[in-house]
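Fold and contact review
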Protein chains: 2
Amino acid sequence: MRRDIFQAIADPTRRAIIALIALQAMTPNAIANNFDTTRQAVSKHLRILTECELVKQEQKGREIYYSLEIDKMKEIDKWLEQFRKIWETRFDQLDNLLATIKKQKK
Amino acid sequence: MRRDIFQAIADPTRRAIIALIALQAMTPNAIANNFDTTRQAVSKHLRILTECELVKQEQKGREIYYSLEIDKMKEIDKWLEQFRKIWETRFDQLDNLLATIKKQKK
DNA sequence: AATTTGCGAAACCAAAAGGTTGCGCGTATA
DNA sequence: TATACGCGCAACCTTTTGGTTTCGCAAATT
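Here the structure is a predicted model, which is why all the values come from computation and not from measurement. Residue indices begin from 1 for each chain and proceed along its sequence in written order. For this description, chains carry letters from A and ligands carry numbers from 1, given in the order in which they are written. Totals for whole chains, interfaces and linings use every residue, but because this is a predicted model, local features are given only for residues with pLDDT of at least 70 and side-chain atom pairs only at 80 or more, for both listing and counting. Heavy atoms throughout the structure, all of them, feed into the side-chain values; hydrogens and water do not.

Focus: the overall build of chain A
A run of H or I in DSSP counts as a helix once it spans at least four residues, and a run of E counts as a strand once it spans at least two, with each numbered from the N terminus. Looking only at helices and strands, one finds five helices and two strands in chain A. Starting at the N terminus and walking to the C terminus, you meet the elements of chain A as α-α-α-α-β-β-α. Against the 2.2 N^0.38 benchmark of 13 Å for 106 residues, chain A shows a C-alpha radius of gyration of 21 Å, more extended than a compact globule. Along the three orthogonal principal directions, the C-alpha set of chain A runs to about 75 × 30 × 20 Å. Per-residue burial for chain A yields a buried fraction of 36% across its 106 residues. Any two residues whose heavy atoms approach within 4.5 Å are treated as being in contact. Summarising the internal contacts of chain A: among those between residues at least 6 apart in sequence, 50% fall at separations of at least 24. Total accessible area computed for chain A in this model is approximately 7200 Å², and 47% of it derives from carbon and sulfur atoms. Taken over C-alpha atoms, the radius of gyration is set against a globule rule of 2.2 Å times the number of residues to the power 0.38. Classification of residues uses two cut-offs on accessible area relative to the type maximum, computed with a 1.4 Å probe and protein chains only: under 20% is buried, over 50% is exposed, and between them is partly exposed. Accessible surface is estimated by sampling points in the Shrake-Rupley manner with a 1.4 Å probe; for residues, cover comes only from the protein chains shown.

Next comes the structure, spelled out in structure tokens:
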């Protein structure tokens, strides 16, 4: 099963998990307590997140703490860049247009 | 069928379509020619993209031109912001650390 | 040592996704 | 007017997804 980060963030529960463990590492049970779902379901989500390296785990005794690989999130940012270029250009164009109108008014 | 933008970009073909029509409006056939897929498959993707308002259409005779609603892409950017804060903070911390080390060397 | 707790993994299931094929409706072209 | 073209839509099929249940293992607690 090939995983990629865009598929990983497609699920709303997974996005919530990501936001949750971004701030502090948590165990599957602790994560599940934050949602209306079971540990097993969370476990499956964590597996998917781990597969695409969005999440790392750290064993402490019998507990496993999951935390976000924040750097991986930059991949989304990187993909978005091509569009950011476009919307910034359009903004500039609008800016120029407004400036031109202003100038004409004088 | 509830659609959201994260689900829309989960599919690699849809991401490719988005990138394609970001630059210029295109018809379903023209889009399909760029990939190894059929018009009908593209049509289904376009429908999903339209449902979550990521794409707009303009009829010209019997052709329908699809183009990207670039502003909608900002929603992803907005979601990413919470994580950008984190990775920028970490970067600052690293920055401070390096500065401290540098200072100690003097 | 026996029991409880935290966990991943596997088997299973319903629902959704992504694709194909065939259709009908307009618009262009002959 | 007949034919070709561009398109959306519905029916259908296979694969994937997200969830539950059950299990076994290892670590903690009694």
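Back to the text.
A closer look at the packing of helix H2 (residues 12–23) of chain B against helix H4 (residues 39–51) of chain B
Residues and elements named next belong to chain B. Where helices are involved, their axes are fitted lines through C-alpha atoms of the stretch in contact, as for all axes, and angles between N-to-C directions lie from 0 to 180°. Where H2 contacts H4, the two axes come as close as 10 Å, and the packing angle between them is 75°. Our classification of the angle between H2 and H4 gives roughly perpendicular. Residues Thr13, Arg14, Ile17 and Ile18 of H2 form the contact with H4, whose participating residues are Val42, His45, Leu46, Ile48 and Leu49. Considered class by class, the residues forming the contact of H2 with H4 number six nonpolar, two polar and one charged. The scheme is simple: roughly parallel for angles under 35 degrees, roughly antiparallel for over 145, roughly perpendicular for 65 to 115, oblique for anything else. Note that Gly is not counted as nonpolar here; it falls among the polar residues with everything else outside the nonpolar set of Ala, Val, Leu, Ile, Met, Phe, Trp, Tyr, Cys and Pro and the charged set of Asp, Glu, Lys and Arg.

A word on the interface of chain A and chain B
Often, the extent of an interface is quoted as the loss of accessible area upon association of its parts. If you look at the interface, chain A gives 24 residues, while chain B gives 24 residues. With both sides pooled, the region where chain A packs onto chain B buries about 2300 Å², and carbon together with sulfur makes up 75% of that total. Definition used for salt bridges: Asp or Glu carboxyl oxygen within 4 Å of a side-chain nitrogen of Lys or Arg. Linking chain A with chain B are four salt bridges, by the criterion used here. For the salt bridge of B:Arg15 with A:Asp4, the shortest nitrogen-to-oxygen distance reads 3.4 Å. N or O atoms within 3.5 Å of each other form a polar contact, as long as, within protein, one can give a hydrogen and the other can take it, and as long as residues adjacent in sequence are counted only when both atoms are side-chain atoms. At the junction of chain A with chain B, the criterion picks out four residue pairs in polar contact (both at pLDDT 80 or more). Every element with two or more residues in the side of chain A that touches chain B is listed here: helix H1 (5–8), helix H2 (12–23) and helix H5 (70–105) of chain A. At 13 residues, the largest contribution of residues to the side of chain A that touches chain B is made by H5(A). Of the residues contributing to the side of chain A that touches chain B, the split by class is 16 nonpolar, two polar and six charged. Accessible area, probed at 1.4 Å, shrinks when two parts are joined; the buried area is that loss added up over both.

Some points on the pairing of strand E2 (residues 63–68) of chain B
Residues and elements named next belong to chain B. A pair of strands counts as paired when DSSP detects no fewer than two bridges linking them. Summarising the sheet, strand E1 (residues 55–60) and E2 pair through six bridges and their orientation is antiparallel. When the bridges of E2 are listed, valine 55 appears paired with leucine 68. The antiparallel hairpin formed by E1 and E2 contains two residues in its connecting segment, where glycine 61 sits at a positive phi of about 65°.

Notes on the relation of the copies chain A and chain B
Superposing chain A onto chain B takes a rotation of 180° plus a shift of 0.0 Å along the axis, which leaves an RMSD of 0.1 Å. What the rotation and shift describe, once combined, is the action of a two-fold rotation axis. It is A:Ala10 whose C-alpha, among those of chain A, lies nearest the rotation axis, at 2.9 Å. Most of the interface of chain A is mirrored in chain B, where 100% of its interface residues are also at the interface. For this overlay, a least-squares fit was computed on C-alpha atoms, restricted to residues scoring pLDDT of at least 70 in both copies.

Describing the protein's contact with DNA strand D
Being near a molecule or strand, for a residue, comes down to having at least one heavy atom within 4 Å of it. Taken together, 21 residues surround DNA strand D, and among them A:Gln7, A:Lys44, A:His45, B:Ser43 and B:Tyr66 come closest. Here, DNA strand D places atoms within 4 Å of the protein, and 60% of those atoms are sugar or phosphate. The side chain of A:Gln40 places a nitrogen or oxygen atom 3.3 Å from a base oxygen of DNA strand D. For DNA strand D, a phosphate oxygen lies 2.4 Å from a polar atom in the side chain of A:His45. The set of elements that each furnish at least two residues to the surface near DNA strand D consists of helix H4 (39–51) of chain A together with helix H3 (28–33), H4 and E2 of chain B. Element by element, the count of residues in the surface near DNA strand D is highest for H4(A), at four residues. Residues belonging to the surface near DNA strand D are distributed by class as follows: five nonpolar, nine polar and seven charged.

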